[in-house]
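Next come the chains, spelled out residue by residue.
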Amino acid sequence: SLKELIELHGYKRKNEDSPFKFTESLHVFKELIDKGELKRYFEAYRRENFCKKDTQMLIEKKKEITEELRNMKATEPLLSLVLALPEEYRIFNADGTFREPSTNEQIEKTIKFLDGQWLEQYIYELIKEEESFKGYEVEINWEITRPDWGLNRFELDVSILKGYQLVGLSCTTSHDRKICKSKGFEILHRTRQIGGDEARAVLITRLEHAKKDGLRDELEIDTGGRENILVLGEEDLKKEIFINKLQKFIG
């Protein structure tokens, strides 16, 4: 099991599984991807409005809500995605005006989901639903640490364990090449730490075709390995394309 594998290398899991509450909203994301309309979401979702001004980190508490977010008018398809959330997590009204959340937990979970956790859940469910992967252990959102690390940890967004082979998947909604490259290095490094030299890594991004292939080549050269990482872009998110490429990569 993944738990046994990480413990063999002196690591342990820090968090626990939590129920996924945003199924209906995830269906809306799936529809956008199937129609090739995901770009519309990122035109409506202006990330800077959902970040604290001083650190550019996502808002996690009611007191951190900026005037930009309060005065923001949500447009489609962002509005439909928010209205598909359970009522207590909706941060916009049906007319697109901002809706004050009741608790810090509600605003934190909603914003993190809209910012990118939806992609992790989408990828996880594609893999779990695929018949050819039924014999593998598939996990989502594992925070991993070591006793000598203190509060430090790293996250495996999604992982696949095929026998003793670990495949770690890192998901980012960024199309900034520097951010994607940093995440690529991290997932390669972390999967090797806990899975050994046979471990493989998958980086899922919003990069365009030419940029994702160039980044894959660069990561392979810089890490001294060949065919140890798969880099995917926005055009690879449709179910059949994603599953086909993942199957060929895992072997």
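Everything here concerns the structure above.
Residues numbered from 1 in each chain as written. Predicted model: local features only at pLDDT ≥ 70, side-chain atom pairs only at ≥ 80, totals over all residues. Heavy atoms only, no water.

Enquirer: I tried to follow the packing of aromatic side chains on my own but got confused; where do I start?
Expert: Aromatic ring pairs are reported here in terms of the distance separating the ring centres and the angle at which the planes meet. Under the defined criterion, the tally for this structure stands at 17 aromatic pairs. Arranged with centres 6.5 Å apart and planes meeting at 75 degrees, the rings of Y41 and W118 form a pair that is edge-to-face. Separated by 77 residues along the polypeptide, Y41 in helix α3 (residues 38–44) and W118 in helix α6 (residues 104–129) bring together distant segments of the chain. Y41 gets classed as buried once you look at its relative accessible area, which sits at 0%. What makes W118 buried here is its relative accessible area of 1%. Among the aromatic side chains, those forming a connected cluster through ring pairs are F20, F22, F29, Y41, F42, Y45, F50, Y89, F113 and W118. (Phe/Tyr/Trp six-rings, centres within 6.5 Å; stacked < 30°, edge-to-face > 60°. Helix = DSSP H or I, 4+ residues; strand = E, 2+ residues; numbered from the N terminus. Buried < 20%, exposed > 50% of the residue type's maximum accessible area, 1.4 Å probe, protein only.)

Enquirer: Sorry if this is basic, but what is going on with the packing of α6 against helix α9 (residues 239–250) here?
Expert: In a packed pair of helices, the relevant descriptors are the angle between the two axes and the axis-to-axis distance. Where α6 meets α9, the closest approach of the two axes is 11 Å, and the angle between their N-to-C directions is 70 degrees. Our classification of the angle between α6 and α9 gives roughly perpendicular. Residue-level contacts link Y122, I123, L126, I127 and E129 of α6 to K239, F242, I243 and L246 of α9. Split into classes, the residues belonging to the contact of α6 with α9 amount to 7 nonpolar, no polar and 2 charged. (Axes fitted to C-alpha atoms, helices over the stretch in contact; angles between N-to-C directions. Parallel < 35°, antiparallel > 145°, perpendicular 65-115°, else oblique. Contact = heavy atoms within 4.5 Å. Nonpolar A, V, L, I, M, F, W, Y, C, P; charged D, E, K, R; others polar.)

Enquirer: When you look at α6 in this model, what are you seeing that I'm missing?
Expert: Because each turn of an α-helix spans 3.6 residues, side chains separated by three or four positions in sequence point in the same direction. The terminal C-alpha atoms of α6 lie 33 Å apart, and with 26 residues this falls more than 12% below the ideal 38 Å at 1.5 Å per residue. Bending of α6 peaks at approximately 65 degrees at the position of G116. (Expected span 1.5 Å × (residues − 1). Bend = angle between axes of the 7 residues up to and from the residue.)

Enquirer: What should I look at first to understand the nonpolar core in this one?
Expert: Of all hydrophobic cores here, the largest spans 57 residues; its most connected members are Y41, L78, F92 and I123. For this core, the element with the most residues is α6, which contributes 11 residues. Setting aside its immediate chain neighbours within four residues, I123 contacts V158, L169, C171, I204, L237 and F242. Counting 22 residues, the second largest nonpolar core, distinct from the first, contains W142, L156, L161 and I194. (Core = buried A, V, L, I, M, F, W, Y, C linked by side-chain atoms within 4.5 Å.)

Enquirer: In this structure, what is going on with unusual backbone geometry? I would like to understand it.
Expert: Most peptide bonds are trans, and most residues other than glycine sit at a negative phi. A cis amide bond links E76 to the next residue, P77, at an omega of 0 degrees. Here P77 shows up in the loop between α4 (67–70) and α5 (78–83). Even without a glycine there, the phi angle at Q56 is positive, about 65 degrees. Relative to the helices and strands, Q56 is located in the loop between α3 and α4. A positive phi angle is found at N141, which is not glycine, with a value near 55 degrees. For N141, the location among the structural elements is in strand β2 (residues 137–145). Taking the relative accessible area as the measure of exposure, N141 reaches 27% and is therefore partly exposed.

Geometry only, nothing functional implied.
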